[in-house]
Amino acid sequence: EAHLLENEKRARTLRDESPVEWREILAISSGCIGYALELLDSKKRKSVLEGRRNAERMISLLRSSDIAAAFETISALGTKRAEVLTSLSSLQQALRDLIVLKKCDSAPLCFFADPEKAAEQATYFTAPALFSLYDACVSAIDELERNANVSLLLTDLRDLFKSS
């Protein structure tokens, strides 16, 4: 954080104008200065933050058992492979954080910038349910990286969430 703030005017501007996005960039980049610099570009940041928002919506909807809304959110992930991969990667990180919080209250988080919010979200899921969702997310990412049909993959995810 200190390096970015000392050497990048864009970092200082973002921190001052949007502290929430600034904290998210720090969480997303996991200490990788190069990736943090990439995220200072508003176009790149917008794409990644949109994936995070989709993941947050999915977590909230899954915890509330609002399957119809979860279906809509899955459908809204997009039709382009890169868009869906970004959202699923964010969902994978969020699920990872929730799984870790089931075992350790003070674990370092990869997705959530607010540990209290993450801890609250974790209370709505059982560990087996989180592992099942995580495995499905990892499988979906693997299939997309192997050139699976995006529409069919999203349909499979909808079916999985329906049975969760």
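Residue positions within a chain follow its written sequence, with the count starting from 1. For this predicted model, a pLDDT threshold of at least 70 governs which residues receive local features, and a threshold of 80 or more governs which side-chain atom pairs are given and counted, while totals over whole chains, interfaces and linings are taken from all residues. In computing side-chain properties, one takes all heavy atoms of the structure into account and sets aside hydrogens as well as water.

**Describing the packing of helix α5 (residues 42–64) against helix α7 (residues 81–103)**
- Here the axes come from fitting lines to C-alpha atoms, over the contacting stretch only for helices, and the angles between their N-to-C directions go from 0 to 180 degrees. Think of it this way: any DSSP run of H or I at least four residues long counts as a helix, any run of E at least two long counts as a strand, and we number them from the N terminus. Interaxial distance between α5 and α7 falls to 8 Å at its minimum, and their mutual angle equals 50°. One element, α5, and the other, α7, form an angle in the oblique class. As α5 packs across α7, the resulting crossing turns out to be right-handed. For the pair α5 and α7, contact is made by S47, V48, G51, R52, N54, A55, M58 and I59 and by T86, S87, S90, L91, A94, L95 and L98, respectively.
- Note on residue classes: Ala, Val, Leu, Ile, Met, Phe, Trp, Tyr, Cys and Pro are nonpolar, Asp, Glu, Lys and Arg are charged, and everything else, Gly too, is polar. Partitioning the contact of α5 with α7 into residue classes produces eight nonpolar, six polar and one charged. Angles are sorted into four bins: roughly parallel if under 35 degrees, roughly antiparallel if over 145, roughly perpendicular if 65 to 115, and oblique for all others. A crossing counts as left-handed when the near helix is turned anticlockwise from the far one by less than a right angle, and as right-handed when that turn is clockwise. When checking whether two residues touch, look at their non-hydrogen atoms; a contact exists if any pair is within 4.5 Å.

**A closer look at the packing of α7 against helix α9 (residues 127–145)**
- It is at 9 Å that the axes of α7 and α9 come closest, and there the two elements cross at 155°. Comparing their axes, α9 and α7 come out roughly antiparallel. Crossing of α7 against α9: the hand is left-handed. The residues of α9 that touch α7, namely those facing R81, V84, L85, L88, S89, L91, Q92, L95, R96, L98, I99 and K102, are A127, L130, F131, L133, Y134, C137, V138, A140, I141, L144 and E145.

**Details of the confidence of the model for the protein chain**
- pLDDT measures the predictor's confidence residue by residue and takes values from 0 up to 100. The predicted model of the protein chain averages 84 in pLDDT, with 95% of residues at 70 or higher.
- Summarising per-element confidence for the protein chain, the mean pLDDT is lowest in helix α1 (residues 2–7) (73) and highest in α9 (92).

**A short note on the pattern of salt bridges**
- We count a salt bridge whenever a side-chain nitrogen from Lys or Arg sits within 4 Å of a carboxyl oxygen from Asp or Glu. Taken as a whole, this structure holds seven salt bridges when the rule is applied.
- Taking the shortest distance from any N to any O, the salt bridge between R53 and E56 comes out at 3.7 Å. Taken together, the residues R53 and E56, both in helix α5 and three residues apart, mark about one turn of the helix.
- Note that R96 and D97 form a salt bridge whose closest N and O atoms lie 2.7 Å from each other.

**Comments concerning the nonpolar core**
- L88 and L91 are the most contacted members of the largest nonpolar core, which has 32 residues in total.
- If one sorts the elements of this core by residue count, α7 sits on top with nine residues.
- Apart from the residues lying within four places of it in its own chain, the contact partners of L88 are L77, C137, A140, I141, L144, L153 and L157.
- For the purposes of this section, nonpolar cores are sets of buried Ala, Val, Leu, Ile, Met, Phe, Trp, Tyr and Cys residues that join through side-chain atoms within 4.5 Å. Burial classes: relative accessible area under 20% of the type maximum marks a residue as buried, over 50% as exposed, and values in between as partly exposed (1.4 Å probe, protein chains only). Counting residues in each nonpolar core, the second largest holds 12 residues, with L4, I28, L39 and V48 among its members.

**As for the packing of aromatic side chains**
- Only rings of Phe, Tyr and Trp enter the pairing, Trp through its six-membered ring, and a pair is recorded when the two centres are within 6.5 Å. The plane angle decides the type: under 30 degrees is stacked, over 60 is edge-to-face, the rest tilted. The full count for this structure, using the stated rule, is one aromatic pair.
- Plain terms: the ring middles of F111 and F112 are 5.0 Å apart, the flat faces sit at 85° to each other, and that makes the pair edge-to-face. F112 carries the same exposure label as F111, and that label is buried.
- A ring is scored as having a charge over it whenever the NZ atom of a lysine or the CZ atom of an arginine sits within 6 Å of its centre and within 35 degrees of its normal. A cation sits over an aromatic face here: R52 above F111, 4.2 Å from the ring centre.

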